[in-house]
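# Structural description and commentary
Read off the chains here:
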Amino acid sequence: ISTAALVKECLSRISKHDSKVNAFIEVQNEKEIFNKALEVDDRFAKGSFIGSLDGIPIAYKDLFCTSTLPTTCGSMMLKNFKSPFNASVVNFLEESGAIMIGKTNMDEFGMGSASVFSIFGPVYNPQSILFAENHLEKDNNKNIKERRIAGGSSGGSAAAVAAGMCFAALGSDTGGSVRLPASYCGVVGFKPSYGRCSRWGLVAYANSLDTVGTLTRTVNDAKLIYDVISKYDANDSTSMSPKVRSINSSIPSFFKSDSNTDDLRGLRVGVPKASITEYYVSELNDSIIDLWKKGIYYLRSQGASIVPVSCPNTRYALSAYYVLALSEASSNLSRYDGVRYVPNENDNLLYADTREGFGKEVKRRIMLGTYALTAGSYGNYFLQAQKIRRMIQKDFDRVFKRPNPLHFIKKGTSSIDDDGVDILLTPVAISTAPKIEDCLETNVSVDNNSSNFVNAYVNDVLTVPASLAGIPSISVPYGVSSIDGYPIGLQLMTQYGDEDTLLEVAKVLE
Ligand code: GLN
């Protein structure tokens, strides 16, 4: 297929479906991008290629800075913001030939699990749009199915991939924002280790947790993108250093990169003990438990041994995450003060008035985060949460066979733990995609007596442990719910730095 035909197909799907899905905030000018595609085809005809993603249409969550299209973060604050530079990962992809098709919709500043907190309106799960239409035809317009959310905060990226509007999309994952929408939309969502991919030019939500992630249709596609963006970048002070990268590759993994084998004999798969506090949370939907069991049996049938493991501190992960993420966010978002970023060119407003530009959820989080950092509560909240984070990291280090390359450096004496596991298998989400009505701000009461907005945070309970520990994790579509027919993903996690094993096992599972 020619680049021109590929780009044309994406654009035509966008024009056909995006008025209903609302995955994109900005799409490239049709003529310009089409001409660009023709140039690429001309180049191909002359036998000249740039890189592994030559002519491939990619979408970016609208918090990756791009110098050609605006970068809004789904917020009124940045409605008119155009970055003078590209994010490093955007540059890496362009250097390998990728074509940006547009910027995708998201929860404001990445804060949310439903992609309904955007000034551009909610993202609709393509499954509910496409199914609904099929259904309409069959049932003669009688039965219109309810619309579902795409999940958040990278909902636009997940929906764009699920609806075939681009080949792949970048998202960001702070506490699950790539994996959760991937599970809801039936695509692959991959969050590499913290520091693997540069955060330079990614608008910060919570710096110590933010990671660049990919949304793709297959695990192979995820690997293709990952291979291009997984590079050391001196512009990002938390980028995994060349030294750690080389130590990491000297530690044996179950799978070497590109081993191309389905044989799982000898692989040890950890499954958290069936206790109500470790992943097997009480909110977990039955149809998800069924598919989780199916996944366990399948890996066993491929030769893996299943090992019950215990991560006792997982039960505190969600609370610790929300203290830490919101504290960092409250500090990060102080830069939107009306001096450096001006929501409305004609206004001359400074601090307090400008901050009216934030949406309700963002304001709520700034207040909670600021509170956690005040002198009176710092010790009770922020410090405790940091301690829990460390305990969770230790839990993971204890269960994995492979040593953590970061500790390897400090002590110089970590070794393989034969009783440990190579990989963990859990669900991603506690349910299939919820109905959109149940998530909209107007229908969620936020008066002082209500804890509804806190209830929404429970959707992240299965994804935040990997975020707190900084370990790689992937959501792989694993069938549909026997109750409502919507997609369900299973989550794999490996030791820090062990993306090779993660991706290879994910290929077997998908
Ligand atoms: N839903 C989580 C939050 O709102 C995670 C968001 C994310 O990963 N960006 O904080």
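Residues numbered from 1 in each chain as written. Predicted model: local features only at pLDDT ≥ 70, side-chain atom pairs only at ≥ 80, totals over all residues.

What counts here: UniProt positions are given in the numbering used here, feature names are shortened, and annotations may be inferred rather than shown by experiment.
In the annotation of an unreviewed UniProt entry, the entry for the chain reads Glutamyl-tRNA(Gln) amidotransferase subunit A, mitochondrial, and the organism field reads Funneliformis geosporum. In its Subcellular location (unreviewed entry) section, the UniProt record describing the chain reads: "Mitochondrion". Check the Function (unreviewed entry) section of the UniProt entry for the chain; it says "Allows the formation of correctly charged Gln-tRNA(Gln) through the transamidation of misacylated Glu-tRNA(Gln) in the mitochondria. The reaction takes place in the presence of glutamine and ATP through an activated gamma-phospho-Glu-tRNA(Gln)."

### Topic: the environment of Ala-4
Put simply, the rule reads: In this description a helix means any DSSP run of H or I spanning at least four residues, a strand means any run of E spanning at least two, and both kinds are numbered starting from the N terminus. For every residue, the other C-beta atoms within 10 Å of its own C-beta are counted; 20 or more classify it as buried, 12 or fewer as exposed, and values in between as partly exposed. C-beta atoms are placed from the backbone. Contact between two residues is assigned whenever their backbone-derived C-beta positions fall within 7 Å.
Mapped onto the elements, Ala-4 comes out in helix 1 (residues 3-21). For Ala-4, a count of 19 C-beta atoms within 10 Å corresponds to the partly exposed category. Expressed as a C-alpha distance, the spacing of Ala-4 and Asp-41, which sit 37 residues apart in the sequence, is 7.1 Å. What Ala-4 contacts, discounting residues up to four positions off in sequence, is Phe-34, Ala-37, Leu-38 and Asp-41.

### With respect to the sheet that holds strand 11 (residues 487-493)
Rules: Pairing between two strands requires that DSSP report at least two bridges joining them. To define axes, lines are fitted to C-alpha atoms, for helices over the stretch in contact only, and angles between the resulting N-to-C directions are given on a 0 to 180 degree scale.
The strand order across the open sheet built from 11 strands is 1-3-2-4-6-5-10-11-9-7-8, with neighbouring strands paired in mixed fashion. Each edge of the open sheet is held by one strand with a lone partner, namely strand 1 (24-27) and strand 8 (305-309). Each strand of the sheet is rotated relative to its neighbour by a mean of 30 degrees, with strand direction disregarded. In this sheet, strand 11 lies alongside strand 10 (residues 473-480) in antiparallel orientation, the contact comprising 6 bridges. In the strand pairing of strand 11, Val-476 is matched with Leu-490.

### Observations regarding the UniProt feature "active site" (unreviewed entry) in the chain
Mapped onto this structure's residue numbering, the UniProt feature "active site" (unreviewed entry) falls at Lys-61, Ser-153 and Ser-177. Their sequence span is 117 residues, while the largest C-alpha to C-alpha distance among them is just 10.9 Å; these annotated residues converge on one region. Checked against the element boundaries, Lys-61 lands in strand 2 (residues 57-61). Using a count of 32 C-beta atoms within 10 Å as the deciding quantity, one classes Lys-61 as buried. Here Ser-153 is to be found in the loop between helix 4 (126-138) and helix 5 (155-162). In this structure Ser-153 comes out as buried when scored by C-beta crowding, with 36 C-beta atoms within 10 Å.

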